Amino acid sequence: ATYHDWNIYLRKPVVTRMDSIIFGFLGAYMNFYYSLVWQKGNRLIWIGTGLLLLPSISYVIAGYNWTTAHLRLPVESIGTLCLLSGLSNLQTGKGFSYKFFTFISIISYSMYLLNYTPFNEWILPRLSYLGVPNNHSLIADMFRLLAFLAWSICASYMLWRFVERPLMNIRDRLYK
């Protein structure tokens, strides 16, 4: 199998990524039933960051191989679980990182809804009009990544602001 096949048939479909859901459930379970252990997760932020970076570094150094095919996804899921335990303890703050993570958490459901498909169908084909080549050069890939991030954040904020938040306000008024 090729990296393209792995990416399309294993990494992207939700049904093949049940490990992510299981690790998320494990995190919620730990937070609810073992909150004292979960709250000590600040130390796990560094482990989680390392586990998230390790597969990408391995791919850059060694390319697509057995490690990518079989270990990348579970290692990334475990890394995310480790990060969640530390990040869930961020309750108050004033700095840029606190405001950034709070903003992203507020629009995260909208980000989930607007994930890659709308960008892939509407925005990506039009980037060539802006002079972005259709090759996989570093500059072109970086521009596509920045365009994807800008699209995700802006479109998600608009969806949250004009659809999700008004509906939550109606829900809150109905159930008071």
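Provided above is the structure to which this section pertains.
Presented here is an overview of the structure given in this document. For clarity, every value in this text was computed on a predicted model and none was experimentally measured.

**Regarding the packing of helix 2 (residues 18–33) against helix 5 (residues 66–87)**
In the contact formed by helix 2 and helix 5, the axes pass within 9 Å of each other and the chain directions differ by 20°. Classed by the angle they form, the pair helix 2 and helix 5 counts as roughly parallel. The handedness of the crossing between helix 2 and helix 5 is right-handed. Contacts between helix 2 and helix 5 involve Asp19, Ser20, Phe23, Leu26 and Gly27 from the former and Leu73, Pro74, Ser77, Ile78 and Leu81 from the latter. Residues that form the contact of helix 2 with helix 5 fall into these classes: 6 nonpolar, 3 polar and 1 charged.

**Some remarks on the environment of serine 152**
In this fold, serine 152 is placed in helix 8 (residues 138–174). Under the relative-accessibility criterion, serine 152 is labelled buried at 9%. The spatial distance from the C-alpha of serine 152 to the C-alpha of arginine 126 is 16 Å, given a sequence separation of 26 residues.

**Focus: the packing of helix 4 (residues 44–62) against helix 5**
Interhelical geometry of helix 4 versus helix 5 gives an angle of 155° and a closest axis separation of 7 Å. Relative to helix 5, the element helix 4 lies roughly antiparallel. In this structure, helix 4 crosses over helix 5, and the sense of that crossing is left-handed. In the contact of helix 4 with helix 5, the residues fall into 12 nonpolar, 10 polar and 2 charged.

**Side note on the side chain of threonine 68**
Here threonine 68 is to be found in helix 5. If we skip the residues at most four places from it in the chain, threonine 68 touches Tyr3, Trp6, Tyr59 and Gly63.

**Some details on the nonpolar core**
Leu114, Phe119, Leu127, Val132, Ala140, Ala147, Trp151 and Ala155 together form the largest nonpolar core, which totals 8 residues. A per-element tally of this core places helix 8 first, with 4 residues. When sequence neighbours within four positions are dropped, the list of residues in contact with leucine 127 reads Phe119, Val132, Phe143, Arg144 and Ala147.

**With respect to the pattern of salt bridges**
Going through the model one piece at a time under the given rule, you end up with 4 salt bridges. A salt bridge links arginine 72 to glutamate 76, with the shortest nitrogen-to-oxygen separation between them at 2.9 Å. A residue pair is termed a helical-turn pair when its members lie 3 or 4 positions apart in one helix, as arginine 72 and glutamate 76 do in helix 5 at 4 residues. The two residues arginine 72 and glutamate 76 agree in class, both being buried. For arginine 144, the salt bridge goes to aspartate 141, with nearest N and O atoms at 2.5 Å. Here arginine 144 and its partner aspartate 141 are both found in helix 8, 3 residues apart, which amounts to about one turn of the helix. Accessibility expressed as a relative area gives 14% for arginine 144, which makes it buried.

**Some words on the packing of aromatic side chains**
Inspection of the entire model under this criterion finds 15 aromatic pairs. On the basis of an interplanar angle of 85° and a centroid distance of 6.2 Å, the ring pair of tryptophan 122 and tryptophan 151 is categorised as edge-to-face. With tryptophan 122 in helix 7 (residues 116–123) and tryptophan 151 in helix 8, this residue pair connects regions lying 29 residues apart in the sequence. Judged by its relative accessible area of 16%, tryptophan 151 falls in the buried class. Members of the aromatic cluster, joined through ring pairs, are Phe25, Tyr29, Phe32, Tyr33 and Tyr34.

About the thresholds
Residues numbered from 1 in each chain as written. Predicted model: local features only at pLDDT ≥ 70, side-chain atom pairs only at ≥ 80, totals over all residues. Heavy atoms only, no water. Axes fitted to C-alpha atoms, helices over the stretch in contact; angles between N-to-C directions. Helix = DSSP H or I, 4+ residues; strand = E, 2+ residues; numbered from the N terminus. Parallel < 35°, antiparallel > 145°, perpendicular 65-115°, else oblique. Left-handed = near helix turned anticlockwise from the far one by under 90°. Contact = heavy atoms within 4.5 Å. Nonpolar A, V, L, I, M, F, W, Y, C, P; charged D, E, K, R; others polar. Buried < 20%, exposed > 50% of the residue type's maximum accessible area, 1.4 Å probe, protein only. Core = buried A, V, L, I, M, F, W, Y, C linked by side-chain atoms within 4.5 Å. Salt bridge = Lys/Arg side-chain N within 4 Å of Asp/Glu carboxyl O. Phe/Tyr/Trp six-rings, centres within 6.5 Å; stacked < 30°, edge-to-face > 60°.

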